[in-house]
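Commentary on secondary and tertiary structure
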Amino acid sequence: MKFEDFWYVVAQSEQLKPGNVLSRTVLGEWLAVFRDENGEPVALRDRCMHRNSRLSRGQVCQGQVHCPYHGWVYDNNGTVVAVPAEGDDFKQLQARRVKHYETCEQDGYVYVRLTDQPSEEFDSFPMPHYQEPGWATVRVINRFRNNVTNCAENFIDIPHTASVHPGVFRTPRRQKLEMTVERQKGAVRAEYRNETTNLGWYAKFLNPKGGKIRHTDYFFMPNVTSVEYDMGPYRQLWITSQSVPETEDSTLVYTDVTYNYGIWNQLARPFIHWTAQHIIGQDVAALDLQQEVIEKYGQKFANTPADTIHTFVESIRDRIAAGEDPRLLPDQSVQVTFWV
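Residues numbered from 1 in each chain as written. Predicted model: local features only at pLDDT ≥ 70, side-chain atom pairs only at ≥ 80, totals over all residues. Heavy atoms only, no water.

Moving on to the overall build of the protein. On a plain count of helices and strands, the protein comes out with 5 helices and 18 strands. Taken over the C-alpha trace, the protein has a radius of gyration of 22 Å; the compact-globule value for 340 residues is 20 Å, and the two agree within 12%. By its C-alpha atoms, the protein is 75 × 45 × 35 Å across when sized along the principal axes. Burial analysis of the protein (340 residues in total) assigns 53% to the buried set. A fraction of 60% describes how many contacts in the protein between residues 6 or more apart in sequence connect residues 24 or more apart. For the protein, the exposed area adds up to about 16600 Å²; of that, 50% sits on carbon and sulfur atoms. (Helix = DSSP H or I, 4+ residues; strand = E, 2+ residues; numbered from the N terminus. Rg over C-alpha atoms; globule rule 2.2 N^0.38 Å. Buried < 20%, exposed > 50% of the residue type's maximum accessible area, 1.4 Å probe, protein only. Contact = heavy atoms within 4.5 Å. Areas by Shrake-Rupley, 256 points an atom, 1.4 Å probe, with all protein chains shown as cover.)

Turning next to the pairing of strand β4 (residues 41-45). It is a general feature of regular strands that their side chains alternate between the two faces of the sheet. Taken across its 5 residues, β4 has 4 buried, putting it largely inside the fold. Pairing between strand β3 (residues 29-35) and β4: 5 bridges, direction antiparallel. Bridged to R35 within β4 is P41. With antiparallel pairing between neighbouring strands as the criterion, β3 and β4 make up a hairpin whose turn holds 5 residues, including G39 at a positive phi of roughly 85°. Relative to strand β9 (residues 100-106), β4 runs antiparallel, the two sharing 2 bridges. Paired with A43 across the bridge in β9 is Y101. (Pairing = 2+ DSSP bridges.)

Turning our eyes to something else, we now look at the pairing of strand β14 (residues 214-220). Counting buried positions along β14 gives 5 out of 7 residues, so the element sits mostly inside the fold. Here 6 bridges tie strand β13 (residues 187-193) to β14, and the two strands are oriented antiparallel to one another. Note that in β14 the partner of A187 across the bridge is F220. Looking at chain direction, β14 and strand β15 (residues 224-230) are connected through 7 bridges and run antiparallel. Within β15, the position partnered with F220 by the bridge is V224. Counted along the chain from β14 to the antiparallel partner β15, the turn is 3 residues long.

Evaluation of the coordinates by the stated rule reveals 9 aromatic pairs. Here the aromatic rings of F6 and F122 are separated by 4.4 Å at their centres, their planes lie at 25°, and the arrangement is stacked. Linking F6 in the segment before β1 (8-12) with F122 in the loop between β10 (109-113) and β11 (136-144), this pair joins segments that are 116 residues apart in sequence. Grouping residues by exposure puts F6 and F122 together as buried. Between the aromatic rings of Y109 and Y254, the centroid separation amounts to 5.7 Å while the plane-to-plane angle is 80°, which identifies the pairing as edge-to-face. On the criterion of sequence distance, the pair formed by Y109 in strand β10 and Y254 in strand β17 (residues 250-260) is long-range, its members being 145 residues apart. Note on Y109: relative accessible area 0%, which makes it buried. Each residue in the set F125, Y218, F220 and W238 is aromatic and connected to the rest through ring pairs, giving one cluster. A cation over an aromatic ring shows up here: R139 above the ring of Y109, its NZ or CZ 3.8 Å from the ring centre. Cation over ring: R183 sits above F312, and NZ or CZ is 5.1 Å from the ring centre. (Phe/Tyr/Trp six-rings, centres within 6.5 Å; stacked < 30°, edge-to-face > 60°. Lys NZ or Arg CZ within 6 Å of the ring centre and 35° of its normal.)

Across the sheet, 8 strands lie side by side as β11-β17-β16-β15-β14-β13-β12-β18; this open sheet has antiparallel pairing. Looking along the sheet, the strands with just one partner apiece sit at the ends: β11 and β18 (332-339). Here the average twist between neighbouring strands, direction ignored, is 15°. Inspection of the sheet shows strand β12 (residues 176-184) paired to β18 by 8 bridges, in the antiparallel sense. By the bridge assignment, T180 is partnered in β18 with Q335. Packed onto the sheet, helix α4 (residues 265-297) meets β11 and β17 and runs at close to 20° relative to β11. (Axes fitted to C-alpha atoms, helices over the stretch in contact; angles between N-to-C directions.)

By the secondary structure assignment, N265 is in helix α4. At a separation of 3.0 Å, a polar atom in the side chain of N265 contacts the main-chain carbonyl oxygen of G134. Once you skip the residues sitting within four places of it in the chain, N265 turns out to touch G134, W135, A136, Y259 and N260. (Polar contact = N/O pair within 3.5 Å; in protein donor to acceptor, adjacent residues only side chain to side chain.)

Taken in spatial order, the 6 strands of this open sheet run β1-β10-β9-β4-β3-β2, and their pairing is antiparallel. What marks the edges here is a single partner per strand, and that holds for β1 and β2 (21-26). Strand-to-strand, the axes of this sheet are offset by a mean angle of 30°, without reference to chain direction. Sheet analysis places β2 next to β3, joined by 6 bridges and oriented antiparallel. Note on β3: the bridge partner recorded for T25 is W30.

Given below as structure tokens:
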């Protein structure tokens, strides 16, 4: 199993307009992404084979991308279908072809997979409740100067929230929480108990009576985290992030905040968007600081029981990095008590 076996987001569907070509990087590979004449997404290696220009800087005409340097034209399979300098003498040759990658489109996202022969057929991740009746979604995109593992761990980490997001999303209260963390078949699930009203600015709206909260965090290999809050009817929230590995220290994160607030869905949208971006901006700064230290002293962590969810995530991603299947790891369940 390799990281290249999986699907990665390269754009929101609405970003990839006909006639546009987008430059993307996934696992160090440069991609030129555009739509063909049928409106289907195309991903080619972002390199003209002629004189090594960038196809993503060119133009798309009738679903074909034109290199900006000498005008070579590539179709949706990466085949050169025209060379202006050759005029009427042009002949299509099998050898004139750049690398083409498989794409798919789902839930308003365009995905790419970098391998032609995956270890098995994985599906792109279905976004929870996307466009379901009664649910609304806010989407934000952010780049982190850090790797996917550290980003994913941040998104499902409770202890940091009181320090990094004070007031906005929890404040230090020395509140005793409990969680059950499970690793099973390449996924991690953490179920929390004893949360009540320490939810930041919108606590009175989200849980006005201080009732029981059902809070569950998930990690799905190789790069998806999902946070679920259920505080009763019309007080339900999912925060799902797909962390796309651009390079070893650059991760582009597509985040969906999907919620069911009943009659408040539309009114809440600008507040949710602002709050989500504000919180993620604070995380961007925190992970940038972490990356500075990693670059200076290397990545070595001192773990506490509250970090069990992180060690499980690391065990899964380390297996994939080693070319192994993390679903073969033994199932494990740990009970943890911690304070926030």
